[in-house]
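Single-letter residue listing:
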Amino acid sequence: MRLAIWTVTRGAGLKGIEIGKKILGVDIFTLSKFKIDNTIQIESFTEKLSEVFNEYDGHIFIMATGIVIRKISSLIKSKDIDPAVVVIDEGMNFVISLLSGHLGGANELAQNLHEKLGLVPIITTSSDITGKIAVDTLSQKLSCKLESLENAKKVTSLIVDGKNVQLNLPKNICDENPEGIMIVSNRENLEIVRLYPENLVIGIGSRRGIEKEKVYDFLIEVLKKHNLSPKSIKHFATVDLKADEEGIIETAKRFGKELKIVSREEILTVEDMFQGSEFVKKEIGVKAVSEPCAYLTSSKDGKFIEIKAKKDGMTISIYEERFIYEKR
């Protein structure tokens, strides 16, 4: 989790330094007029926050809650994409989970700061204070993507209200995903929300200059062939020679997923595991691209659903990581 600490007074800046010693890798922002060493010194708090707000997974503000609300009000968009926001008072007494408590991880961040610094965590989400789990929290723990925030809200309200809500998971959850679901209930209306496990790694290769629409359409075609949802894509992977290939880059961006780059040296260590082409090896130095890239960037605990689909100079491989529910 990439974190930023924000301060606007000298005292808060020094407290930020203390926190940084307990949380390694955090960026600490202070106003340049205080000249606090080992921090990122900025001229304008408002301008810098607006510039980098979405570059961090979480923000820790050491200042009044009112200031934070005013400063982030124009920056927040939706609970499924907003970063976590917590507020600490300059006296280092409390840590308040202010924004994105569940999906963004602000509640968990507040708890971590409580454990590391002895701060009193202030968490106000109903499901947490009643000892119940919210659907968005559950989706996070299952490493799944929510189908609908609105449906998740409805089902969570049933949980908070003490109603019975059933969690349907595949038998032998680690082994397979269901093709169909049967629900037994005497209720006429059921609030239902679906969770998509993000466990599909897409290895991809293409000849130079293929249009992005062709790459996108081919991927959708392969996913439909196997009855797979794009919502379950974890990330894309390709060889270093294709790191600047627009069709591949733009397809990954269209799904909002990371494109991981694999070096040919890495591929050489596993290329004998896959069928390849001597022509391709002569051209780029390795026999195969999409399969080894998918495999090398995966958990390596799973199976290929599509070894290598080919079309018009494009190749796509799909590696399905084993879906494991583990308490985090």
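Below you will find a few notes about this structure. Computed from a predicted model, the values in this text were never measured in an experiment.

### A short note on the packing of helix α2 (residues 45-52) against helix α3 (residues 65-72)
(1) Moving on: One can describe the packing of α2 onto α3 by two numbers: an axis separation of 10 Å at closest approach and a directional angle of 55 degrees. Taken as axis vectors, α2 and α3 run oblique relative to one another. Considering only the axes of α2 and α3, their crossing is right-handed. Between α2 and α3, the residues in contact are Phe45, Thr46 and Leu49 and Ile67, Lys71 and Ile72, respectively.
(2) Moving on: Considered class by class, the residues forming the contact of α2 with α3 number four nonpolar, one polar and one charged.

### Examining the sheet that holds strand β6 (residues 94-99)
(1) Moving on: The seven strands lie next to each other as β3-β2-β1-β4-β5-β6-β7, forming an open sheet whose pairing is mixed. Edge positions in the open sheet fall to β3 (40-42) and β7 (120-122), since each of these has one partner strand only. Taking each pair of neighbouring strands and ignoring which way they run, the sheet shows an average axis angle of 25 degrees.
(2) Moving on: In terms of strand pairing, strand β1 (residues 3-7) meets strand β2 (residues 27-31) through three bridges, oriented parallel. Each bridged residue has a counterpart across the sheet, and for Trp6 the counterpart in β2 is Phe29.
(3) Moving on: Strands in contact with helix α1 (residues 10-22) are β1, β2, β4 (58-62) and β5 (84-88); relative to β1, the strand with the most contacts, it is inclined by about 155 degrees.
(4) Moving on: Contacts between α3 and the sheet are confined to β4, β5 and β6, with β6 contributing the most and set at about 20 degrees to the helix.

### So, the pairing of β6
(1) Moving on: Both β5 and β6 contribute to a ladder of four bridges, which runs antiparallel. Residue pairing across strands places Val85 opposite Leu99, the latter belonging to β6.
(2) Moving on: The hairpin turn running from β5 into β6, its antiparallel successor, is five residues long, and Met92 in that turn takes a positive phi close to 60 degrees.
(3) Moving on: Between the parallel pair β6 and β7, the chain is carried across by helix α4 (residues 106-117), and the sense of this crossover is right-handed.

### A word on the packing of aromatic side chains
(1) Moving on: The final tally for this structure, using the stated rule, is eleven aromatic pairs.
(2) Moving on: In this structure an aromatic cluster arises from ring pairing among Trp6, Phe29, Phe45, Tyr56 and Phe61.
(3) Moving on: Its end group placed over the ring of Tyr56, Arg2 keeps NZ or CZ at 4.2 Å from the ring centre.
(4) Moving on: The cationic tip of Lys300 hangs over the ring face of Tyr295; the distance from NZ or CZ to the ring centre is 5.8 Å.

### Concerning the pattern of salt bridges
(1) Moving on: Scanning all chains against the criterion turns up 17 salt bridges.
(2) Moving on: In this structure, Glu321 engages Lys234 in a salt bridge whose closest nitrogen and oxygen atoms are separated by 2.9 Å. Placement of the pair is Glu321 in strand β14 (residues 314-321) and Lys234 in strand β11 (residues 233-239), with a sequence separation of 87 residues.
(3) Moving on: Residue Glu321 is classed as buried on the basis of its relative accessible area of 7%.
(4) Moving on: Assessed through its relative accessible area of 36%, Lys234 is described here as partly exposed.
(5) Moving on: Residue Lys303 is joined to Glu320 by a salt bridge in which the shortest nitrogen-to-oxygen separation is 2.6 Å. Pair noted here: Lys303 is in strand β13 (residues 302-311) and Glu320 is in strand β14, with a separation of 17 residues, a long-range link.
(6) Moving on: For Lys303, a relative accessible area of 43% gives the class partly exposed.
(7) Moving on: Taken together, the shared-partner salt bridges connect Arg208, Asp244 and Glu245 into one network.

About the criteria used
Residues numbered from 1 in each chain as written. Predicted model: local features only at pLDDT ≥ 70, side-chain atom pairs only at ≥ 80, totals over all residues. Heavy atoms only, no water. Axes fitted to C-alpha atoms, helices over the stretch in contact; angles between N-to-C directions. Helix = DSSP H or I, 4+ residues; strand = E, 2+ residues; numbered from the N terminus. Parallel < 35°, antiparallel > 145°, perpendicular 65-115°, else oblique. Left-handed = near helix turned anticlockwise from the far one by under 90°. Contact = heavy atoms within 4.5 Å. Nonpolar A, V, L, I, M, F, W, Y, C, P; charged D, E, K, R; others polar. Pairing = 2+ DSSP bridges. Right-handed = clockwise from strand over helix to strand, strands pointing away. Phe/Tyr/Trp six-rings, centres within 6.5 Å; stacked < 30°, edge-to-face > 60°. Lys NZ or Arg CZ within 6 Å of the ring centre and 35° of its normal. Salt bridge = Lys/Arg side-chain N within 4 Å of Asp/Glu carboxyl O. Buried < 20%, exposed > 50% of the residue type's maximum accessible area, 1.4 Å probe, protein only.

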